[in-house]
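So the chains spell out like this:
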Amino acid sequence: MYTRTFRVPPDFLTTGDAGGDGDDAADDPFATGDGGARSSLTRKKGAKAVLETNGITFPQGASAFFNARSSTLVVRNTQSNMELIETLVDVSRGKVQNQIYITSKFVEVTQQNLDEFGFDWMLGQFNTPGSDRVFAGGGTVGNQRGGVTDPSDFTFVPPGGANPVPTGRNPVTSGLRFGLDAIQSNAVDGLLNEQVLTSNITPGIFGIAGVLTDPQFQVVIRALNQRKGTDLMTAPSVVTRSGQRAKIEVIREFIYPTEYDPPEIPQNFGSGGSFSTGGGGGLGLGQSQTNSFPVTPANPTAFEMRPVGVTLEVDPVVGADGFTIELNIAPEVVEFEGFINYGSPIQTSAIDALGQPTTVVLTENRIEQPVFSTRKLTTAVTIWDGQTVAIGGLIREDVQHVEDKVPIFGDIPLIGRFFRTSSETRFKRNLMIFVTAKLIDPAGQPAGSQNDESLNPSGLSGAPELGAGGPANALFPSR
């Protein structure tokens, strides 16, 4: 007698019962004890009955047991019957189609570095030494920074006055670029941030000024170091049949408008809002007038939904050899960048209190449409069971480097560093995708681990009894 353990499909007792008529089934355990009619429920055949139905004989001392929890069949029988049972088990395995267990990992690494350091000078007017007729001073803003010196960008500003002027008044390094003047975003990012025509300079960290000196001067040190990193990993999994497309989505449903009703402006309207004040003699000291009328801005009327996040479509097919897997992979990563306003404000003419013509914005009339960034690829590969496909190369790197200096002064050794500014930003993004495919049986066990000998418990070794003429590698005698 030999004892062996076989890995069988979970429905072995059902599929293995090929020709049984159920005559040896036990009585219904739910039947009444008064000999009444039997229920339509019948008990399934046991492992021994199923094997006997398929022509396996069980001599004295032979047995069979099916463990439904682990889908294993433990049989104790003679060597000849064991060969027949092995053939039957192989046939039952061939009837079950293996499935594919797909595991994916999306790993995205983002790094953004910004380094900026420079000096911003302002120099007041003064009399040149040795001459009482030659004067010198700083320069002008020119076409930089919008042509206006913002007092909030400098440390020393004398108090008082409606329009305070920073100490030193006249800029020397207005041509040096700082902040968003130096590091420009691309066209789409500029529209998203509404910073195409305006920008901000880097904040100052330290300032020195000569307030009571001749001339007055001021220098502001502008420096900024920023490091920003983001690591994102998504690891969804799915089980599918061969030839059946599987789709994994880790997304947010982003709903946005696609159609707008045009703004409504009345055809007929009157002027109103007049106000005047005057003294004796009927002289008007002030008057303001504007055309007032109701305006309805553009309103959204239709909406769409777009998934934002990670999407993976896989179409696996098991090869004819039963060990290779053909994968059609289509990963996609969608990100929402922001809105772009395609509308324009609705304005009307007016007259201010000083009698000057001006315009009044009635409504901003914003018509916003979203911008999405998409990274996707489509490929087809053939791999062995349990292997991993690595998809990379979705790398983006932006580098901007700016070096500005004041002519002549910026070239002086050592001292020239105080008349130069440097800015550098680096933006890196790397997306890596890993897809692993494994063959599994309906019980969820790896298809490649159907090694019967490895499933034998130590107490159920396939060793013959003494004197039974078993194989030479038998280790333990049967009890």
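Residues numbered from 1 in each chain as written. Predicted model: local features only at pLDDT ≥ 70, side-chain atom pairs only at ≥ 80, totals over all residues. Heavy atoms only, no water.

**Q** I'd like a description of the sheet that holds strand β3 (residues 72-77), backed by residues and values.
**A** Within the open sheet, the 3 strands sit side by side as β1-β3-β2. Their pairing is antiparallel. Since the sheet does not close on itself, it has two edges, and those belong to β1 (2-7) and β2 (63-67), each with one partner. Within the sheet, the average angular offset between the axes of one strand and its neighbour, ignoring direction, is 15 degrees. (Pairing = 2+ DSSP bridges. Helix = DSSP H or I, 4+ residues; strand = E, 2+ residues; numbered from the N terminus. Axes fitted to C-alpha atoms, helices over the stretch in contact; angles between N-to-C directions.)

**Q** Run through the packing of aromatic side chains, naming residues and quoting values.
**A** Overall, the coordinates contain 11 aromatic pairs when judged by the stated rule. Both rings, one in Tyr 256 and one in Phe 372, keep their centres 5.7 Å apart while their planes meet at 55 degrees; by these two values the pair is tilted. Taken together, the residues Tyr 256 in strand β10 (residues 246-261) and Phe 372 in strand β17 (residues 368-376) connect sequence positions 116 residues apart. For the pair shown, Tyr 256 and Phe 372 are each scored as buried. Summarising the aromatic geometry, the rings of Phe 409 and Phe 419 are spaced 5.4 Å apart at their centres and angled 35 degrees between planes, so their arrangement reads as tilted. Linking Phe 409 in the loop between β19 (388-405) and β20 (420-440) with Phe 419 in the loop between β19 and β20, this pair joins segments that are 10 residues apart in sequence. An aromatic cluster of at least three residues, connected via ring pairs, comprises Phe 254, Tyr 256, Phe 336, Phe 339 and Phe 372. When the ring centre of Phe 178 is taken as reference, the NZ or CZ atom of Arg 222 above it lies at 5.7 Å. One cation-aromatic arrangement involves Arg 306 over Phe 372; the distance from NZ or CZ to the ring centre is 4.7 Å. (Phe/Tyr/Trp six-rings, centres within 6.5 Å; stacked < 30°, edge-to-face > 60°. Buried < 20%, exposed > 50% of the residue type's maximum accessible area, 1.4 Å probe, protein only. Lys NZ or Arg CZ within 6 Å of the ring centre and 35° of its normal.)

**Q** Requested: an account of a nonpolar patch on the surface, with residues and values cited.
**A** A surface patch of nonpolar side chains, amounting to about 650 Å² of accessible area, comprises Ile 408, Phe 409, Ile 412, Leu 414, Ile 415 and Phe 418. Along the chain, Ile 408 turns up in the loop between β19 and β20. By relative accessible area, Ile 408 is classed as exposed at 66%. (Patch = residues over 30% accessible without salt bridge, like charges linked within 9 Å, V, L, I, M, F, W, Y side chains within 5 Å. Areas by Shrake-Rupley, 256 points an atom, 1.4 Å probe, with all protein chains shown as cover. Salt bridge = Lys/Arg side-chain N within 4 Å of Asp/Glu carboxyl O.)

**Q** Describe the nonpolar core, with residues and values.
**A** Buried together is how nonpolar side chains tend to be arranged in soluble globular proteins. If you look at the biggest cluster of nonpolar residues, it comprises 20 residues, and the most contacted ones within it are Leu 312, Ile 325, Leu 327, Ile 329 and Val 435. Of all the elements in the fold, those that place two or more residues in this core are β4 (99-123), β13 (299-318), β14 (324-341), β19 and β20. The greatest single-element share of this core, amounting to 5 residues, is contributed by β20. Dropping the residues within four chain positions of it, Leu 327 is found in contact with Val 314, Asp 315, Pro 316, Thr 379, Ala 380, Val 381, Ile 383, Val 389, Val 435 and Ala 437. Phe 6, Ile 56, Phe 58 and Ile 85 belong to the second-largest nonpolar core, a separate cluster that totals 18 residues. (Core = buried A, V, L, I, M, F, W, Y, C linked by side-chain atoms within 4.5 Å. Contact = heavy atoms within 4.5 Å.)

**Q** An account of empty space enclosed by the protein is needed here, citing residue identities and associated values.
**A** Overall, the coordinates contain 1 cavity of 30 Å³ or more when judged by the stated rule. Quantified by volume, the largest cavity comes out at close to 30 Å³. Together, Phe 106, Glu 108, Leu 232, Thr 234, Val 310, Val 333 and Leu 431 line the largest cavity. Elements supplying a minimum of two residues to the lining of the largest cavity: β4 and β8 (217-234). (1 Å grid on protein atoms, 1.4 Å probe; cavity = no way out; pocket = protein on both sides within 12 Å on 5 of 7 lines; lining within 4 Å. Points joined across faces, edges and corners; volume = space filled by probe spheres on them.)

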